[in-house]
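What follows is each chain in one-letter form.
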Amino acid sequence: MQPTLLILAAGIGSRYGGIKQLDQFGPNGETIIDYSLYDAIRAGFGKVVFIIREELRKDFEEIFLPKLAGKIEVDFAIQALDSYVPEELGTIQRTKPWGTGHAMLCAWEQTDTPFAVINADDFYGQEAFRILADFLVTNTDDAMQALVGYEVQNTLSDYGSVSRGVCDLNADETLSSVIERTKIYRQSEGDDAGQIVFEEANGLTVLAPDTPVSMNFWGFKPAVFPLVEEQFADYARANYNAPKAEFYIPTIMTNLIQRNQGQCQVFRSQSEWFGVTYPDDKPLVQASFKRLHEEGKYPERLW
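What comes next concerns the included structure. In this text the structure is predicted, and so the values were computed from the model without any measurement. (Residues numbered from 1 in each chain as written. Predicted model: local features only at pLDDT ≥ 70, side-chain atom pairs only at ≥ 80, totals over all residues. Heavy atoms only, no water.)

## Considerations on the overall build of the protein chain
- Assigned secondary structure in the protein chain consists of seven helices and 13 strands.
- Against the globule reference of 19 Å for 303 residues, the protein chain gives a C-alpha radius of gyration of 19 Å, in line with a compact fold.
- Within the span of the protein chain, comprising 303 residues, buried residues form 53% of the whole.
- In the protein chain, the share of contacts with a sequence separation of at least 24, taken over all contacts with a separation of at least 6, comes to 74%.
- Per element, the accessible surface of the protein chain, about 13,600 Å² overall, is 45% carbon and sulfur. (Helix = DSSP H or I, 4+ residues; strand = E, 2+ residues; numbered from the N terminus. Rg over C-alpha atoms; globule rule 2.2 N^0.38 Å. Buried < 20%, exposed > 50% of the residue type's maximum accessible area, 1.4 Å probe, protein only. Contact = heavy atoms within 4.5 Å. Areas by Shrake-Rupley, 256 points an atom, 1.4 Å probe, with all protein chains shown as cover.)

## Comments concerning the pattern of salt bridges
- One pass over the structure, following the stated rule, counts 17 salt bridges.
- With its nearest N and O atoms 2.8 Å apart, the salt bridge here joins Glu88 to Arg237. Placement of the pair is Glu88 in the loop between β3 (73–78) and α3 (100–105) and Arg237 in helix α5 (residues 225–238), with a sequence separation of 149 residues.
- Overall, Glu88 belongs to the exposed group, its relative accessible area being 57%. (Salt bridge = Lys/Arg side-chain N within 4 Å of Asp/Glu carboxyl O.)

## Let's talk about the environment of Val285
- By the element assignment, Val285 lies in helix α7 (residues 281–294).
- A residue is classified by how much of its surface remains accessible, and Val285, at 3% relative accessible area, is buried.
- Remark: the alpha-carbon pair of Val285 and Tyr248, spanning 37 residues in sequence, is separated by 25 Å.
- With residues near it in sequence (within four places) discarded, Val285 still touches Phe25, Ile32, Phe274, Gly275 and Val276.

## So, the nonpolar core
- Counting residues in each nonpolar core, the largest one holds 44 residues, and the members touching the most others are Leu5, Ile7, Phe45, Phe50, Phe60 and Phe217.
- Among the elements that take part in this core, helix α4 (residues 126–138) stands out by supplying six residues, more than any other.
- Non-local contacts of Phe60, meaning those with residues more than four positions away in its chain, are made with Ala9, Gln21, Leu22, Ile33, Phe50, Ile52, Leu65 and Phe76.
- Membership of the second largest hydrophobic core comes to 37 residues, among which are Val49, Cys167, Ile249 and Ile257. (Core = buried A, V, L, I, M, F, W, Y, C linked by side-chain atoms within 4.5 Å.)

## Quick look at the environment of Glu73
- Of note, Glu73 is situated in strand β3.
- Through-space distance from the C-alpha of Glu73 to that of Ala120 is 18 Å; in sequence the pair is 47 residues apart.
- Aside from chain neighbours lying at most four places away, what touches Glu73 is Gly46, Lys47 and Val48.

## Observations concerning the packing of aromatic side chains
- Counted according to the given criterion, the structure contains 28 aromatic pairs.
- With centroids separated by 4.8 Å and ring planes inclined at 55°, the aromatic side chains of Tyr124 and Phe217 adopt a geometry described as tilted. You can see Tyr124 sitting in the loop between β5 (122–123) and α4 and its partner Phe217 sitting in strand β11 (residues 212–220), a full 93 residues away along the chain. Residues Tyr124 and Phe217 agree in their burial class; the two are buried.
- Each ring, one from Tyr235 and one from Phe247, has its centre 5.3 Å from the other, and the planes form 45°; the classification is tilted. Residue Tyr235 is found in helix α5, and its partner Phe247 is found in the loop between α5 and α6 (249–258); the two are separated by twelve residues along the sequence.
- Tyr235 sits in the buried class, given a relative accessible area of 19%.
- A cation over an aromatic ring shows up here: Arg94 above the ring of Trp98, its NZ or CZ 4.0 Å from the ring centre.
- The ring of Phe25 is capped by Lys282, whose NZ or CZ atom sits 5.8 Å from the centre of that ring. (Phe/Tyr/Trp six-rings, centres within 6.5 Å; stacked < 30°, edge-to-face > 60°. Lys NZ or Arg CZ within 6 Å of the ring centre and 35° of its normal.)

In structure tokens:
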């Protein structure tokens, strides 16, 4: 059975100032998603589910359906504000999506095989897709999930802070915990210039350059969905009056571990990673794709 790829593409892109999921970065106008799809198909994925907002569906269909016809099965899941929210909570008073964990849950009906989850605006590299496809095809333990991790030093932006899931690993390379840190950056001034830190209300915490972080490249078994539904219901009840609260995939995995409902194998990828958070990131990403084509990593045209 071929695994499914879920692409998180419902974000608003407030820091980027536009719909970066559909912006053009490749030498022939390719989106970042195009490269992920190309690598996923080569790795053996048999279906892709775009998790989007309803207002983006027409654009996604026009851009991706023609080029993917006959190459991979395509489906769409809509991340609506009221999806999977307990009925007793009534009307939702928020405009911001509930976050990546909720987005994953919104693809439950479209997903019946082991699956990977990725961000629409991140480039993960060919090796990462092969690693996770192999895990999803060969590992039959419904309670064992997976994560492709990257060194934090290779995932920063020169133009502002980033959000990353900071990982703590056990001796056997399974995940002990992963905590979403929403403001990670490299210090630029003073005696600590160059030091990587994450910022919280109580101050700064230093991160070692090789600290593994989640870039939201996860692998799950379908049996996880009922557990995620239960977690999100509790989260929605607790954060009903917090319009900016987000239910993250790292939260899901941490809860599974703490409740003895699952484990997570972490694979350290040597693949090149890059992504776009701010407008100034775009030229760097465009240059990276141009170089990958020139090196022969990708054909002159993907499709």
